[in-house]
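Here is what each chain is made of, one letter per residue.
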Amino acid sequence: MSAASNSGAPAPIPEFDAVILGRSFACRRAADRLRDDLYLSVCELVSVTSATYDDIDNRWEFHVGSFVIARAKFVIDGDGTIHLQGREDTAIDPAAVTAHGFPNLFRPVGTDRIDSLGYTVACIEYMRTHGHDYSERRLRTPVADDDFPELSFDRPIPAMWIG
């Protein structure tokens, strides 16, 4: 509740296209590229304690303590120090830009990929061009002729929707 409101309704949670976690030169570059190249609304967060993925709304929620302070479609993890809770209880490979079980998460810092920031921007641009709003690393990389064979752009179907 805000001081200007008489209602008991919670304040709306700001929503962004992308959230950059951390404060570093690489985080600054990521924010600039996403704003300038793709015209995304970007929020840079440093004091977040955790981030969780909401499978229903296909959004990441960012927490300080028990409060949700922002929501975003894409997460760019710039330092790897914030606890991330994806769809499953799987660990993230520190050398990979994307991770299975963590949709729309990109980790361009500290990976073994050359130009991982360029890869991140190109992937988000590909998604926007083709109308996708979901990406997740596959368990196995198939032999394919598309631009991002290691990623799946199809949302998994929740078990409650089947049969």
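Numbers given to residues run from 1 along each chain, matching the order in which its sequence is written. Only residues with pLDDT of at least 70 get local features here, since the model is predicted, and only at 80 or more are side-chain atom pairs given and counted; chain-wide, interface and lining totals rely on the full set of residues. Water and hydrogen atoms play no part in the side-chain values, which are based on all heavy atoms of the structure.

Enquirer: Please provide a residue-by-residue account of helix α1 (residues 25–38), values included.
Expert: The terminal C-alpha atoms of α1 lie 19 Å apart, and with 14 residues this matches the ideal 20 Å at 1.5 Å per residue to within 8%. Burial classification: accessible surface area is computed with a 1.4 Å probe over protein chains only, and a residue below 20% of its type maximum counts as buried, one above 50% as exposed, and the rest as partly exposed. Going along the chain from the N terminus, every DSSP run of H or I of four or more residues is numbered as a helix, and every run of E of two or more is numbered as a strand. Those residues of α1 that fall on the buried side of the exposure criterion are Cys 27, Ala 30, Ala 31, Leu 34 and Leu 38. Summarising the axial view, the buried residues of α1 lie within an arc of 100°, below the 170-degree limit, and thus occupy one face. The exposed residues of α1 that point more than 90 degrees off its buried face are Phe 25 and Asp 36. Tucked inside the fold, the buried residues of α1 contact β1 (15–21), β2 (42–45), β5 (67–77) and α2 (116–130). Multiply 1.5 Å by the residue count of a helix minus one, and that product is the helix's expected span. This arc is taken over the directions from the axis of the helix to the C-beta atoms. Contact between two residues is taken to exist if any of their heavy atoms lie within 4.5 Å; hydrogens are not considered.

Enquirer: Residue-level account of the nonpolar core, with values.
Expert: If you look at the biggest cluster of nonpolar residues, it comprises 20 residues, and the most contacted ones within it are Ile 20, Leu 34, Ile 76 and Ile 124. Sorting the residues of this core by element identifies β1, α1, β5 and α2 as the ones contributing at least two each. Ranked by residue count, the leading element in this core is α2, at six residues. What Ile 124 contacts, discounting residues up to four positions off in sequence, is Leu 34, Leu 38, Leu 40, Phe 74, Ile 76 and Phe 106. Each nonpolar core is a collection of buried residues, namely Ala, Val, Leu, Ile, Met, Phe, Trp, Tyr and Cys, held together in the definition by side-chain atoms within 4.5 Å. Counting 18 residues, the second-largest nonpolar core is a separate cluster that includes Phe 62, Ala 70, Ala 72 and Tyr 134.

Enquirer: Pulling in residues and values, what's your account of α2?
Expert: Each turn of an α-helix holds 3.6 residues, which means side chains three or four residues apart point in the same direction. In this model, α2 (15 residues) spans 21 Å end to end at C-alpha, consistent with the 21 Å of a helix rising 1.5 Å per residue. Residues of α2 that are buried include every one of Ser 116, Leu 117, Gly 118, Tyr 119, Thr 120, Val 121, Cys 123, Ile 124, Tyr 126 and Met 127, and no others. Looking one or two places after α2, you find Gly 131, whose phi comes out positive at around 75°.

Enquirer: Give me the lowdown on the environment of Gly 65, citing residues and values where you can.
Expert: Following the sequence through the fold, Gly 65 ends up in the loop between β4 (59–64) and β5. Note: C-alpha distance between Gly 65 and Thr 49 (16 residues apart in sequence) is 6.4 Å.

Enquirer: Talk me through the side chain of Asp 77; I want residue IDs and the actual numbers.
Expert: As for its placement among the helices and strands, Asp 77 is situated in strand β5. Given a relative accessible area of 3%, Asp 77 falls into the buried group. Ignoring anything within four residues of it in the chain, the contact list for Asp 77 reads Leu 21, Leu 84, Leu 105, Phe 106, Arg 107 and Pro 108.

Enquirer: Run through the pairing of β1, naming residues and quoting values.
Expert: Here a strand pair is declared whenever DSSP counts at least two bridges between the two strands. Bridge count for β1 against β5 is six bridges, and the pairing is parallel. Note on β5: the bridge partner recorded for Val 19 is Val 75. Looking at chain direction, β1 and β2 are connected through four bridges and run parallel. Its bridge partner being in β2, Ala 18 is matched across the sheet by Val 42. Orient the strands so they point away from the viewer, and a crossover whose first-strand-to-second-strand path over the helix runs clockwise is right-handed. Following the backbone out of β1, through α1 and into the adjacent parallel β2, one traces a crossover that is right-handed.

By themselves, these are just geometric observations and shouldn't be taken as functional.
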